[in-house]
Amino acid sequence: MTEVVSPDALPARLGFRMPAEFAPHDACWMLWPQRPDNWRLGAKPAQQAFVAVATVIAESETVFVGVSDEQYENARHHLPAHVRVVELSSNDAWMRDVGPTFVTHPDGRLAVIDWDFNAWGGLKGGLYFPWDKDRRIRRKIAEILGVPCFAAPLVLEGGAIHVDGEGTLITTEECLLNPNRNPELDRATQERLLVDYLGIEKVIWLPAGCYQDETDGHVDNLCAFVAPGEVVLTWCDDENDPQHAISRDALAVLTRATDARGRPLRVHKLPQPGPLYIETEEAGGVDRLSGSRPRRPGDRLAASYVNFYIGNHVVVMPLLDPNHDDVARARLGECFPDRKVIGVPAREILLGGGNIHCITQQQPRP
């Protein structure tokens, strides 16, 4: 069995830290969508979108896709041969949130942080029940890789945090301070745990995430580090759109903030797609089952170009709105001059409640 390290042996005190997503990777981990009460038409359209994402990332690094036994042959058939398919049971397909947060050590060691997970709110606003299979994924991957696993006393999803690799973490109050996650932990206690387990030195708190984001405002849909001292931010110019105030308030925090090394932050604005809404036909293709979030015609989607994945040589961004796709791609190209920005049609992923960053998790190179 993989070693489960005592909470008394804190990762940061042992020299581990969480690298930035733009640092070199050894691999990317994903999960295979299949649940019919979240993905329309038996998840077939979503599976094709996941294949497209995995194929592009595999140009840049090894890709592992975790698949249930009943979907193994189907996934193996559709995914490219060089994408590695492993049997890994899950409740859904959001590897960013249920998968490992990897930390590295200067001596070359890799380790996993095993946060607690309650499906984005547990029985008080969570998105599905049960989540028992998701809860085991981090330890299973640690065992597959043969690396230590640090069990952290904090309910946290990977999409709720973003780091610069140089001591700074960014998150939202809407998510981490939501009473459906850690009602007994105040801001200072959560900051201390993030310091102890990720080796960071400073937390920048944004007020809220994107409008109608069902994850309770994950930061990876609103704001992300693209380099030390630089972030991208979802932006909306329409003062009548609720997203405008959210982005404006986030910008106010970011422009006043400095990172852990005392640098002011440079903010790159990415236009908001749409607004986009679930169409009647799309909602009709989703099964209605107890214990899961319904998909209703006319519901607004929390669409964002910030929900991209940074690979070793590529940046994989969602294509969501022909009116804004090219502008978003050009601005990301300016942020990542040494990487190729590749757009993948991603509405099917968005219909499930997230996007490209939400379905991926980088394994850093030690």
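Just above sits the structure.
Our subject in this report is the structure included herewith.

Cut-offs and rules
Residues numbered from 1 in each chain as written. Predicted model: local features only at pLDDT ≥ 70, side-chain atom pairs only at ≥ 80, totals over all residues. Heavy atoms only, no water. Helix = DSSP H or I, 4+ residues; strand = E, 2+ residues; numbered from the N terminus. Buried < 20%, exposed > 50% of the residue type's maximum accessible area, 1.4 Å probe, protein only. Contact = heavy atoms within 4.5 Å. Areas by Shrake-Rupley, 256 points an atom, 1.4 Å probe, with all protein chains shown as cover. Lys, Arg positive; Asp, Glu negative; His and termini not counted. Charge placed at Lys NZ, Arg CZ, Asp CG, Glu CD. Pairing = 2+ DSSP bridges. Axes fitted to C-alpha atoms, helices over the stretch in contact; angles between N-to-C directions. Right-handed = clockwise from strand over helix to strand, strands pointing away. Salt bridge = Lys/Arg side-chain N within 4 Å of Asp/Glu carboxyl O. Core = buried A, V, L, I, M, F, W, Y, C linked by side-chain atoms within 4.5 Å.

**Comments concerning the overall build of the protein chain**
In step 1: Scanning the protein chain from terminus to terminus reveals 10 helices and 19 strands.
In step 2: Taken along its principal axes, the extent of the C-alpha atoms in the protein chain is 55 × 50 × 45 Å.
In step 3: When burial is assessed residue by residue, the protein chain has 61% of its 366 residues classed as buried.
In step 4: For the protein chain, restricting intrachain contacts to residue pairs at least 6 apart in sequence, the fraction spanning at least 24 positions comes to 75%.
In step 5: Just so you have it, the protein chain exposes about 14200 Å², and 49% of that area is on carbon and sulfur atoms.
In step 6: Charge-centre separation for the protein chain: the mean point of 37 positive side chains lies 2 Å from the mean point of 51 negative side chains.

**Section: the sheet that holds strand β8 (residues 162–163)**
In step 1: Spatial ordering of the open sheet is given by β8-β9-β10, a layout of 3 strands whose pairing is mixed. Only two strands of the sheet have a single neighbouring strand rather than two, namely β8 and β10 (202–206).
In step 2: Where strand β9 (residues 168–172) lies against β10, 5 bridges are found, and the strand directions are parallel. Of the residues in β10, the one forming a bridge with threonine 172 is leucine 206.
In step 3: Contacting β9 and β10, helix α6 (residues 187–198) crosses the sheet at an angle of about 130° to β10.
In step 4: The strands touched by helix α7 (residues 242–256) are β9 and β10; relative to β10, the strand with the most contacts, the crossing angle is about 155°.

**Details of the pairing of strand β7 (residues 149–155)**
The two faces of the sheet receive side chains in turn, since in a regular strand these alternate between them.
In step 1: Counting buried residues in β7 gives 5 out of 7 residues, a clear majority hidden from the surface.
In step 2: Bridge count for strand β6 (residues 110–116) against β7 is 4 bridges, and the pairing is parallel. Within β7, the position partnered with isoleucine 113 by the bridge is phenylalanine 150.
In step 3: Remark: the β6/helix α4 (residues 132–145)/β7 crossover connection has right-handed handedness.

**Points about the pairing of strand β17 (residues 314–319)**
In step 1: In terms of burial, β17 is largely enclosed, as 5 of its 6 residues are buried.
In step 2: With 2 bridges connecting them, strand β16 (residues 309–310) and β17 associate as antiparallel partners. Note on β17: the bridge partner recorded for isoleucine 310 is valine 315.
In step 3: Examined bridge by bridge, β17 and strand β18 (residues 340–345) share 6 bridges and lie parallel to one another. Bridge assignment links proline 318 to a residue of β18, and that residue is valine 344.
In step 4: This β-α-β element, β17 to helix α9 (residues 325–335) to β18, shows right-handed connectivity.

**What about the pattern of salt bridges?**
In step 1: The full count for this structure, using the stated rule, is 21 salt bridges.
In step 2: Linking arginine 347 and glutamate 282 is a salt bridge whose minimum nitrogen-to-oxygen distance equals 2.7 Å. Here the residue arginine 347 occupies a position in helix α10 (residues 347–351), and glutamate 282 occupies one in helix α8 (residues 280–284), the gap between them amounting to 65 residues.
In step 3: The class for arginine 347 is partly exposed, based on a relative accessible area of 23%.
In step 4: Salt bridges here are not isolated pairs; linked through shared partners, they connect Asp114, Asp116, Arg135 and Arg139.

**Looking at the nonpolar core**
In step 1: Counting residues in hydrophobic clusters, the biggest one holds 97 residues, and the most contacted among them are Leu206 and Phe308.
In step 2: Sorting elements by how many residues they give to this core places helix α1 (residues 44–57) first, with 8 residues.
In step 3: Of all hydrophobic cores here, the second largest spans 25 residues; its members include Met18, Ala152, Ala160 and Tyr197.

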